[in-house]
Amino acid sequence: MKDLAQSVELGVSQRRGVYVTRPKVWVKNELVRVGLAETLCTYVMMTFGLGSVAQVVTGQGAFGQYFSINVGFGLGVAMGFHVGGKVSGAHMNGAVSFTMCVFGRLAWKMLPLYIFAQLLGSFLAAGTIYGIYYEAIHDYCDGNLTVTGAKATAGIFATYPAPYLSLMAGFADQVFGTAMLLLCLMALSDQKNKPAAAGSEPAAVGLLVVLIGISLGSNSGYAINPTRDIAPRIFTAIAGWGTDVFRAGNGWWWVPLVATPIGGVLGAGIYKVFVELHHPPHSEQAEGSAEESIPLEKNQNISVNVCV
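Residues numbered from 1 in each chain as written. Predicted model: local features only at pLDDT ≥ 70, side-chain atom pairs only at ≥ 80, totals over all residues. Heavy atoms only, no water.

The name given to the protein in an unreviewed UniProt entry is Aquaporin 7, with the source organism recorded as Acanthochromis polyacanthus. Heading Subcellular location (unreviewed entry) of the UniProt record for the protein holds this comment: "Membrane". (UniProt positions renumbered as here; feature names shortened; annotations may be inferred.)

Spelled out as structure tokens, the structure:
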């Protein structure tokens, strides 16, 4: 395959009389590069996020509390951003990728690749955390893997609604949480407004995820990300929790899948209608300000997550 990298031999370059040995293995195909980066950054984000939940649950409060999970996912998003931001945009979130397609910032033909990469990264992260915390999980629940109850452990990997939450209220919760995520992400990337400073984008997006977690997380675990939720849920069904992962919460499993893309488009659309569409033309803005703003190109990926 010509567009996959060419050789595996070592090349030797001579610079000022010094021989430097370097590998000549690379991937030229953009789809492969994007897929690999999106898979890895999603894996990194989910490993840190799920790991923080596992530590809190199995440690029974000795190694962290709810805020630890917020920080774990927030920092996981920031690290994932660093891993894939310049290659795939580090969406790490199917709702983000879908919204970028709707608003013309990502080609629709790329959406299946992003979704597959995010599902794969999330599934592998769930498997990794299950392996790392295998003994801790089984010690905590005495080997009885359950979805609900005092010793439930399925919530380490996927989100479930609080006992008081109805499906309708949970659907609205997920729509609103994801809308706030995308609204703020649009603002952070808007070069004609007050975007995140160059180089600070990972930290800004990570803090946004922490903010959503500490303000909108108690109802249903703030999935705000369809791929983050369904892939680990499938893993738990295979790993021993069974089909209860799909029956729990009055069949909650479909809510993060459907509500989050709707919320993403809604939040991004609200930002465009209230703010972005009313920016003056670039030339007028440049005349009235010492700083020039560069408009976001139509096909430029918005870099983020999220997820949790």
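J.: Quick question: what am I supposed to make of the overall build of the protein here?
T.: The helix and strand tally for the protein stands at eleven helices and two strands. The order of α-helices and β-strands along the protein, N terminus first, is β-β-α-α-α-α-α-α-α-α-α-α-α. By the burial criterion, 48% of the 308 residues in the protein qualify as buried. Across the protein, every contact between residues at least 6 apart in sequence was considered, and the portion connecting residues at least 24 apart equals 75%. Looking at the protein as shown, the accessible area adds up to about 15100 Å², and 63% of this sits on carbon and sulfur atoms. (Helix = DSSP H or I, 4+ residues; strand = E, 2+ residues; numbered from the N terminus. Buried < 20%, exposed > 50% of the residue type's maximum accessible area, 1.4 Å probe, protein only. Contact = heavy atoms within 4.5 Å. Areas by Shrake-Rupley, 256 points an atom, 1.4 Å probe, with all protein chains shown as cover.)

J.: I keep staring at the packing of aromatic side chains and nothing clicks. Help me out?
T.: Describing an aromatic ring pair means giving the distance of the ring centres and the angle of the ring planes. Applying the stated criterion to the full structure yields ten aromatic pairs. On the numbers, 5.5 Å between centres and 80° between planes, the contact of Tyr130 with Tyr134 is edge-to-face. On the accessibility criterion, Tyr134 (41% relative accessible area) is partly exposed. Their ring planes at 65° and their centres at 5.5 Å tell us that Phe157 and Trp241 sit as a pair that is edge-to-face. (Phe/Tyr/Trp six-rings, centres within 6.5 Å; stacked < 30°, edge-to-face > 60°.)

J.: Whenever I open this one, the side chain of Thr47 confuses me. Can you help?
T.: Locating Thr47 in the fold gives a position in helix H1 (residues 30–58). Those residues in contact with Thr47, other than ones at most four positions away along the chain, are Ala125 and Ile129.

J.: When you look at the environment of Phe116 in this model, what are you seeing that I'm missing?
T.: Note that Phe116 resides in helix H4 (residues 111–132). Accessibility expressed as a relative area gives 55% for Phe116, which makes it exposed. Residues Phe116 and Gly94, spaced 22 residues apart in sequence, show a C-alpha to C-alpha distance of 9.3 Å.

J.: Sorry, what's going on with unusual backbone geometry here?
T.: If a residue is not glycine, its phi is most likely negative; likewise, a peptide bond is most likely trans. Positive phi, close to 60°, is recorded for Met92, a residue that is not glycine. Structurally, Met92 can be placed in the loop between helix H2 (66–84) and helix H3 (94–102). Among the residues examined, Met92 registers a relative accessible area of 0% and is labelled buried. Of note in the backbone geometry, Ile224 takes a positive phi value of approximately 40° without being a glycine. Along the chain, Ile224 falls in the loop between helix H7 (201–216) and helix H8 (226–241). The buried category is assigned to Ile224, whose relative accessible area is 0%.

J.: Any chance you could explain the layout of surface pockets here in plain terms?
T.: To find leftover empty space, a probe the size of one water molecule is rolled over the atoms. Estimates place the volume of the second largest pocket at around 770 Å³. Within the lining of the second largest pocket, the residues separate by chemical class into 21 nonpolar, twelve polar and one charged. (1 Å grid on protein atoms, 1.4 Å probe; cavity = no way out; pocket = protein on both sides within 12 Å on 5 of 7 lines; lining within 4 Å. Points joined across faces, edges and corners; volume = space filled by probe spheres on them. Nonpolar A, V, L, I, M, F, W, Y, C, P; charged D, E, K, R; others polar.)

J.: Just checking my understanding: could you explain the packing of H8 against helix H9 (residues 244–251) for this structure?
T.: The description of two helices packed together rests on the angle between their axes and the distance between the axes. Look at H8 against H9: their axes get within 9 Å of each other, and the N-to-C directions meet at 120°. One finds that H8 runs oblique with respect to H9. Across the interface between the two elements, Ile230, Arg233, Ile234, Thr236, Ala237 and Trp241 from H8 touch Asp244, Val245 and Phe246 from H9. Each residue belonging to the contact of H8 with H9 can be placed in one class, and the counts come to six nonpolar, one polar and two charged. (Axes fitted to C-alpha atoms, helices over the stretch in contact; angles between N-to-C directions. Parallel < 35°, antiparallel > 145°, perpendicular 65-115°, else oblique.)

J.: Help me understand the confidence of the model for the protein in this model?
T.: Taken as a whole, the protein shows an average pLDDT of 88; of its residues, 83% reach a score of 70 or greater. Overall, residues 1–16 carries pLDDT values under 50, and its contacts beyond four positions in sequence, including any with other chains, amount to 32 contacts. (pLDDT = per-residue confidence, 0-100.)

J.: Would you mind showing me how to read the environment of Thr146 here?
T.: For Thr146, the location among the structural elements is in the loop between helix H5 (134–141) and helix H6 (167–189). For Thr146 and Asp244, which are 98 residues apart along the polypeptide, the C-alpha to C-alpha distance reads 8.2 Å. Residues in contact with Thr146, not counting those within four places in the same chain, are Lys151, Ala152, Thr153, Ala154 and Trp241. A distance of 3.4 Å separates a polar atom in the side chain of Thr146 from the backbone oxygen of Thr148. (Polar contact = N/O pair within 3.5 Å; in protein donor to acceptor, adjacent residues only side chain to side chain.)

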